[in-house]
Amino acid sequence: MSDAALSDGGDAPVTRGTKRLGLLRHAKSEAHQPSGRDYDRGLNPKGRRAAETMGRALAKVQPPFDRVIASAAARAQETIDIALDAMGRHAPVDRVNDKQLYLADPEQLIDGAVEHGAGADNLLLVAHNPGLEELVLQLVPADPSDELRAIVEEKFPTGAFALIELDIADWSELRSAKGRLISMIRPRDLDPALGPEFAR
């Protein structure tokens, strides 16, 4: 694992007219829920530990996020609740829960950023795969030397976070934008016990 893969995004300078889009996949969820609905599945114990670990990492991202836009599914809500608690005073106070982000594809994720992004330079979307992984690969041009993008191409696991920098003035430009992947963090990068080899 390269040091770049563990970057918290704090070293890259922000220029005027730059937006940053953070993408956080919900942490590992329980296999079943009494209601039988996928939408209602919460986190399992490992997922709760990962959400807290990732929240501490997100607290180091600079500049901090202005707004969180989260899928209304239980596992996404629980992930961001735990992560925000772990972020403490670094947590954004502005939060939107959006039912349209449940299992959203890249276009729906972009729609969410456009709809709710006004007035914010740094957004955090909390949602699901494969939409998040596909959005990263759509926004970040392929480059054989891009180690962070290569990680996403391999897998965007539960609890993973990506940060994309975009030279756009308004979120409405996101539909045709291309950006730079400046951070990619997985729970196992911070705590090996959260890796797949330790999965229940």
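Residues numbered from 1 in each chain as written. Predicted model: local features only at pLDDT ≥ 70, side-chain atom pairs only at ≥ 80, totals over all residues. Heavy atoms only, no water.

With that settled, consider the overall build of the protein chain. The number of helices and strands found in the protein chain is six helices and six strands. Ordered by position in the sequence, the α and β elements of the protein chain form the string β-α-β-α-β-α-β-α-α-β-β-α. Going through the 200 residues of the protein chain one by one, you find that 53% of them count as buried. For the protein chain, the share of sequence-separated contacts (at least 6 apart) that also reach a separation of at least 24 residues comes to 77%. For the protein chain, the accessible surface area stands at approximately 9,200 Å², while carbon and sulfur atoms represent 49% of it. (Helix = DSSP H or I, 4+ residues; strand = E, 2+ residues; numbered from the N terminus. Buried < 20%, exposed > 50% of the residue type's maximum accessible area, 1.4 Å probe, protein only. Contact = heavy atoms within 4.5 Å. Areas by Shrake-Rupley, 256 points an atom, 1.4 Å probe, with all protein chains shown as cover.)

Here we take up unusual backbone geometry. Note that the residue after Gln62, namely Pro63, is joined by a cis bond; omega there is -5°. Residue placement: Pro63 occurs in the loop between helix H1 (45-58) and strand E2 (67-71). For Leu103, which is not glycine, the phi dihedral falls at a positive 55°. Mapped onto the secondary structure, Leu103 falls in the loop between strand E3 (94-98) and helix H3 (106-116).

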